[in-house]
Amino acid sequence: MDDTTLDHYREAGIIAKKVITEGAQRIRVGASYLEIVEMIEAMVIEEGAGLAFPLNLSLNEDAAHDTASLRDERLFQKGDLAKVDLGVHIDGYIADTATTVDLGTNSLLVEASNQALENAIKKVRPRVTVGELGSVIQMEIESRGYRPISNLTGHGLGRYIIHCPPTIPNVGINGGVVLEEGMVFAIEPFASTGSGRVSDKTRREIYQQISTKPVRIPSARAIIDHIRERKGLPFARRWLPERKSEITLSGLVRSQHLHVYPVLSDIAGSLVSQHEHTLIVTNEGCIVTTR
Ligand code: MN
Ligand code: MN
């Protein structure tokens, strides 16, 4: 990796760390969900960076992919467990990091995903397999009486690419990709009191352009024009002009211009915690850019 690329990754990580730390402190009982999301996103822009994806703010059994809608009226409630997942980029080089804010009495669950992440990071160096990282995560979370979410994973990061190989499982698997110096990826354990698997909810707030083939319908073309500057990075429905956006977005998903990220949830009434860091493999370990 050349020095400029490394500098961009490091700068994105420093900004992500600062913003997620300050932003998470604003999450309190009675605070507005929409205001928190907009404030954290604005902080990234004020720092001179870009958003690699809309701020994900997912509550309780929702593990990932929720964000505010345009007139979201939710307020944080006593007992909420909020996953704050932030993506920052500098010139396309991404820092992806997440933490969990506990407005109840679930510090043990929060500690489980955090310690699993720390244990996995300690294992990272060339020639280790991603399966070994998954084992470490699974063991830590299960030893505390929770379930790792087996169908959510960490992932490689590329320039303007939010998910690419290697996949970092949250459970032990045999072998898998062997780590090499220079790889950039996010590790993101989720600990759950539920089933340990997520499924799609009907709520859909986050989308991503996956094709540049032409669009004829004017309302659809307006959306594509609006999100072209994202260069393929995910965007929020909230960021679009409001009129008919939901039905137009559904059409663009059907025509395979857009990919949709539905909210992903474990079973109703369960609680999920998450922690995430981005790291770069070095010859003897790794650099954690988001710490
Ligand atoms: Mn993330
Ligand atoms: Mn991630």
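This report concerns the structure included in the present document. Each chain has its residues counted from 1, running along the sequence as written. Working convention: letters from A go to chains and numbers from 1 go to ligands, in the order in which they are written. At least 70 in pLDDT is required for a residue's local features to be given in this predicted model, at least 80 for side-chain atom pairs to be given and counted, and no such filter applies to totals for whole chains, interfaces and linings, which use all residues. As a rule here, side-chain values come from all non-hydrogen atoms in the structure, and water together with hydrogens is ignored.

Looking now at the coordination of the manganese ion (ligand 2). Only nitrogen, oxygen and sulfur atoms within 2.8 Å of the metal, or 3.2 Å for Na, K and Ca, are treated as donors, and water is left out, so sites may look incomplete. All of the protein donors around the manganese ion (ligand 2) are D96 (OD), H155 (NE2), E188 (OE) and E276 (OE); their distances to the metal are 2.1 to 2.2 Å. Positions of the donor residues of the manganese ion (ligand 2), expressed as sequence spacing, correspond to D-x58-H-x32-E-x87-E. A separation of 3.1 Å is found between the manganese ion (ligand 2) and the manganese ion (ligand 1), which are bridged by D96. Of this pair, E188 sits in the loop between β8 (184-187) and β9 (190-192) while E276 sits in the loop between β13 (272-274) and β14 (277-281), placing them 88 residues apart in sequence. By the criteria applied, helices consist of DSSP H or I runs no shorter than four residues and strands consist of E runs no shorter than two, each listed in order from the N terminus.

Stacked, tilted and edge-to-face pairs are distinguished by plane angle, under 30 degrees for stacked and over 60 for edge-to-face with tilted covering the rest, among Phe, Tyr and Trp rings (Trp via its six-membered ring) whose centres lie within 6.5 Å. Scanning the model with the defined rule gives 3 aromatic pairs in all. When the centroid spacing of 5.2 Å and the interplanar angle of 65° are considered together, the rings of Y9 and Y93 count as edge-to-face. Placement of the pair is Y9 in helix α1 (residues 3-25) and Y93 in strand β4 (residues 93-102), with a sequence separation of 84 residues. Categorising residues by exposure relies on relative accessible area from a 1.4 Å probe, with only protein chains included: less than 20% of the type maximum marks a residue as buried, more than 50% marks it as exposed, and the intermediate range marks it as partly exposed. Residue Y9 is classed as buried on the basis of its relative accessible area of 4%. When its relative accessible area of 13% is taken as the criterion, Y93 is described as buried. With centroids separated by 6.1 Å and ring planes inclined at 25°, the aromatic side chains of Y207 and F235 adopt a geometry described as stacked. Residue Y207 is found in strand β10 (residues 199-209), and its partner F235 is found in strand β11 (residues 235-236); the two are separated by 28 residues along the sequence. For the pair formed by Y207 and F235, the shared burial category is buried.

This next bit is on α1. Between its first and last C-alpha atoms α1 spans 33 Å; for 23 residues at 1.5 Å apiece the expected length is 33 Å, and the two agree. For α1, the complete set of buried residues consists of T5, H8, Y9, A12, G13, I15, A16, V19, I20, G23 and A24. Contacts between residues were defined by any pair of non-hydrogen atoms, one from each residue, lying within 4.5 Å. For α1, the secondary structure elements touched by its buried residues are α2 (33-46), β3 (81-90), β4, β6 (154-158), β8 and β14. Contacts described as polar in this section are N or O atom pairs within 3.5 Å, which, within protein, must combine one atom able to donate a hydrogen with one able to accept it, while residues neighboring in sequence count only if both atoms come from side chains. Residue D2 occupies the N-cap position of α1, its side-chain oxygen lying 3.0 Å from the main-chain nitrogen of T4. In this analysis, the expected span of each helix is defined as 1.5 Å times one less than the number of residues it contains.

Every case where a carboxyl oxygen of Asp or Glu lies within 4 Å of a side-chain nitrogen of Lys or Arg is listed as a salt bridge. Applying the stated criterion across every chain yields a total of 14 salt bridges. A salt bridge links D66 to R74, with the nearest nitrogen and oxygen atoms 2.9 Å apart. Residue D66 is classed as buried on the basis of its relative accessible area, which comes to 1%. Note that E205 and R237 form a salt bridge whose closest N and O atoms lie 3.0 Å from each other. Of this pair, E205 sits in strand β10 while R237 sits in the loop between β11 and α6 (245-254), placing them 32 residues apart in sequence. Grouping residues by exposure puts E205 and R237 together as buried. Each of D66, D72, R74, R203, E205, R237 and E246 takes part in a single network of salt bridges with overlapping partners.

All right, on to the environment of Y9 then. The spatial distance from the C-alpha of Y9 to the C-alpha of N283 is 17 Å, given a sequence separation of 274 residues. With near-sequence residues (within four places) excluded, Y9 lies in contact with M1, Y93, I94, L157, G158, V184, I280 and T289.

Moving on to the pairing of β6. Here β6 lies mainly inside the structure; 5 of its 5 residues are buried. Should DSSP find at least two bridges between two strands, the strands are regarded as paired. Bridge count between β6 and strand β7 (residues 161-168): 3 bridges; the pairing is antiparallel. For G156, the partnering residue across the bridge sits in β7 and is C164. Turn length for the β6-β7 hairpin, with the two strands adjacent in sequence and antiparallel, is 2 residues, and the turn residue Y160 shows positive phi of about 60°. Examined bridge by bridge, β6 and β8 share 2 bridges and lie antiparallel to one another. Among the inter-strand pairings, H155 is bridged to a residue of β8, identified as A186.

This part takes up the nonpolar core. The set of buried Ala, Val, Leu, Ile, Met, Phe, Trp, Tyr and Cys residues whose side-chain atoms join them within 4.5 Å is what this entry labels a nonpolar core. Ranked by size, the top nonpolar core spans 30 residues in total, and within it I27, L57, F76, V84, L86 and V88 carry the most contacts. Looking at this core, the elements that each hand over two or more residues are α1, α2, β1 (50-59), β3 and β4. Looking at this core, the element that brings in the most residues is α2, giving 7 residues. If you look at the next biggest cluster of nonpolar residues, it comprises 25 residues, including L81, Y146, L179 and A191.

The subject of this paragraph is the sheet that holds β14. Spatial strand order, β7-β6-β8-β14-β15: 5 strands in an open sheet with antiparallel pairing. The sheet is open, and its two edges are formed by β7 and β15 (286-288), each paired on a single side. Put simply, the sheet's adjacent strands are angled 35° from each other on average, direction ignored. The pairing of β14 with β15 spans 3 bridges and is classified as antiparallel. When the sheet's bridge partners are listed, I280 is paired in β15 with I287. With respect to the sheet, helix α3 (residues 107-123) is in contact with β8, β14 and β15, its orientation differing from that of β14 by roughly 5°. Fitting a line to C-alpha atoms yields each axis, with helices limited to the stretch in contact; the angle taken between N-to-C directions then spans 0 to 180 degrees.

Read these as spatial facts, not as claims about activity.
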